[in-house]
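Summary of structural features
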Amino acid sequence: MDSSIEETTTESKQSKTVGVLEKAILVIEALEDTKDGIGLTEVARRTGVNKTSCYRILHTLMGDNMVEYGERQGTYRLGVRMLELGGAVQRRINLRQLALPVITDLTQKIEETSFLCLLNKDRAVCIERIEGEHVQVLAMRVGDSWPLYQGAAPRAILANLKDKEIESILSKKSIEPITSKTPTDPKMYWNMVEDIRETGYSISREDVTLGVAALGAPVFDHSGNVVAAVSVSSTVHRISKEREKDIAEHVIGAAKEVSRLMGWTVNNK
């Protein structure tokens with residue numbers, strides 16, 4: 001096939017995909033202000049999309065529980081999946097707002113860069129970063145997503161999951177080394193899990209970035225479930241083994257304070 005024809009075909013497919021997504025968004029928006037549900041004709045009227053396309057979109061969204069049938073026959077409303085997604089966003093926003101003063105204070109106390117990472121399925125997403133006084137650590141930026149076995153904050157989360165969840169994460173695929181000091185044997189990670197559970201904090205020392213060390217501690221919600229982690233990072237010289245326990249106390253304290261603000265108490269864990 002001529003390359004120009006291939007490009008045109010690809011562009012046409014992409015344009016159609018975007019068009020369908022735009023229509024799906026219109027359909028969702030049409031349903032967002034209705035409690036009991038509205039009919040197909042009303043959805044089409046509100047969106048300007050023809051009834052056949054609206055029907056297909058509605059039933060596709062129903063397959064993912066984003067849309068469900070309304071109270072009256074032949075009507076549609078937003079489904080429980082939309083509630084779950086909205087709740088996830090709300091929790092993320094609330095967590096960041098609650099934690100920001102705490103990790104800012106942590107940075108001021110120890111003068112190192114602090115991070116807040118959120119559990120998202122089987123990964124940890126950095127949602128806040130406060131720069132330290134001494135070193136600009138580039139290893140983790142806001143928006144970065146890391147596997148739960150990689151780095152201090154992700155490991156603090158990993159260690160506080162249920163054993164079956166940890167087993168599933170560690171067995172999904174082989175662990176590729178990032179530096180010469182990256183552990184690749186799952187047994188080593190299980191040893192880390194035991195250490196983290198015993199000490200209350202995780203440590204990453206040059207296994208993500210050579211010359212960089214980090215400490216992390218878990219954050220729990222009101223139900224006692226791990227939802228995030230607080231961590232600090234700097235050079236291995238500034239987070240030396242001699243200084244490790246002192247910094248760890250500050251990190252654990254900050255994580256506990258964020259957990260407290262989330263409604264967690266010792267009795268919930």
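I will try to describe carefully the structure that is included in this document.

Conventions used here
- Residues numbered from 1 in each chain as written.
- Predicted model: local features only at pLDDT ≥ 70, side-chain atom pairs only at ≥ 80, totals over all residues.
- Heavy atoms only, no water.
- Salt bridge = Lys/Arg side-chain N within 4 Å of Asp/Glu carboxyl O.
- Helix = DSSP H or I, 4+ residues; strand = E, 2+ residues; numbered from the N terminus.
- Pairing = 2+ DSSP bridges.
- Axes fitted to C-alpha atoms, helices over the stretch in contact; angles between N-to-C directions.
- Left-handed = near helix turned anticlockwise from the far one by under 90°.
- Contact = heavy atoms within 4.5 Å.
- Nonpolar A, V, L, I, M, F, W, Y, C, P; charged D, E, K, R; others polar.
- Buried < 20%, exposed > 50% of the residue type's maximum accessible area, 1.4 Å probe, protein only.
- Core = buried A, V, L, I, M, F, W, Y, C linked by side-chain atoms within 4.5 Å.
- Parallel < 35°, antiparallel > 145°, perpendicular 65-115°, else oblique.

**Section: the pattern of salt bridges**
Applying the stated criterion across every chain yields a total of 15 salt bridges. Salt-bridge contacts for Arg 77 lead to Glu 71; the nearest nitrogen and oxygen are separated by 3.0 Å. A salt bridge links Arg 260 to Glu 257, with the shortest nitrogen-to-oxygen separation between them at 2.7 Å. Here Arg 260 pairs with Glu 257, and both are found in helix α8 (residues 241–261), just three residues apart, close to one helical turn. In the salt-bridge network here, residues are joined through shared partners; they are Glu 42, Arg 45 and Arg 46.

**Observations regarding the sheet that holds strand β9 (residues 226–235)**
The six strands lie next to each other as β6-β5-β4-β9-β8-β7, forming an open sheet whose pairing is antiparallel. Strands with a single pairing partner mark the edges of an open sheet, and in this sheet they are β6 (145–147) and β7 (202–205). Taken pair by pair, the neighbouring strands of this sheet meet at an average axis angle of 30 degrees, ignoring direction. Alignment of strand β5 (residues 123–130) against β6, held across three bridges, turns out to be antiparallel.

**A closer look at the packing of helix α6 (residues 163–171) against helix α7 (residues 186–199)**
Between α6 and α7, the shortest axis-to-axis distance is 11 Å and the interhelical angle comes to 145 degrees. The way α6 lies across α7 gives a crossing that is right-handed. Residues Asp 163, Ile 166, Glu 167 and Leu 170 of α6 form the contact with α7, whose own contacting residues are Pro 186, Tyr 189, Trp 190, Val 193 and Arg 197. When the residues that make up the contact of α6 with α7 are grouped by side-chain class, the tally is six nonpolar, no polar and three charged.

**So, unusual backbone geometry**
The phi dihedral of Glu 111 falls on the positive side, at around 65 degrees, and the residue is not glycine. In this fold, Glu 111 is placed in the loop between α4 (80–110) and β4 (113–120). We classify Glu 111 as partly exposed; its relative accessible area is 33%. Even without being a glycine, Glu 206 presents a positive backbone phi close to 65 degrees. With respect to the helices, strands and loops of the structure, Glu 206 is situated in the loop between β7 and β8 (212–220).

**What to know about the sheet that holds strand β2 (residues 67–69)**
Hydrogen bonds between backbone atoms are what pair the strands of a sheet, whose relative direction is either parallel or antiparallel. A sheet is described by the order of its strands in space; here three strands give the open sequence β1-β3-β2, paired in antiparallel fashion. Edge positions in the sheet fall to β1 (38–39) and β2, since each of these pairs with one other strand and no more. In terms of strand pairing, β2 meets strand β3 (residues 75–78) through three bridges, oriented antiparallel. For Glu 68, the partnering residue across the bridge sits in β3 and is Arg 77. Contacting β2 and β3, helix α3 (residues 51–63) runs over the sheet at an angle of about 100 degrees to β2.

**A look at the nonpolar core**
Judged by nonpolar contacts, the single largest core of 30 residues is most densely connected at Leu 95, Leu 116, Val 219, Val 230, Val 232 and Val 258. Elements represented by at least two residues in this core include exactly α4, β4, β5, β8, β9 and α8. Ranked by residues supplied to this core, first place goes to α8 with seven residues. The contact partners of Leu 116, leaving out residues within four places of it in the chain, are Leu 95, Arg 96, Ala 99, Ile 103, Val 125, Cys 126, Ile 127, Glu 128, Ala 228, Ala 229 and Val 230. Judged by nonpolar contacts, the second largest core, of 27 residues, contains Leu 158, Ala 159, Ile 169 and Tyr 189.

**As for the packing of helix α2 (residues 40–47) against α3**
Between α2 and α3, the least distance of the axes is 9 Å, while the angle of their chain directions is 110 degrees. Judged by the inter-axis angle, α2 sits roughly perpendicular to α3. Residue-level inspection shows Leu 40, Thr 41, Val 43, Ala 44 and Thr 47 of α2 in contact with α3, the latter providing Lys 51, Cys 54, Tyr 55 and Leu 58. In terms of residue class, the contact of α2 with α3 is made up of six nonpolar, two polar and one charged.

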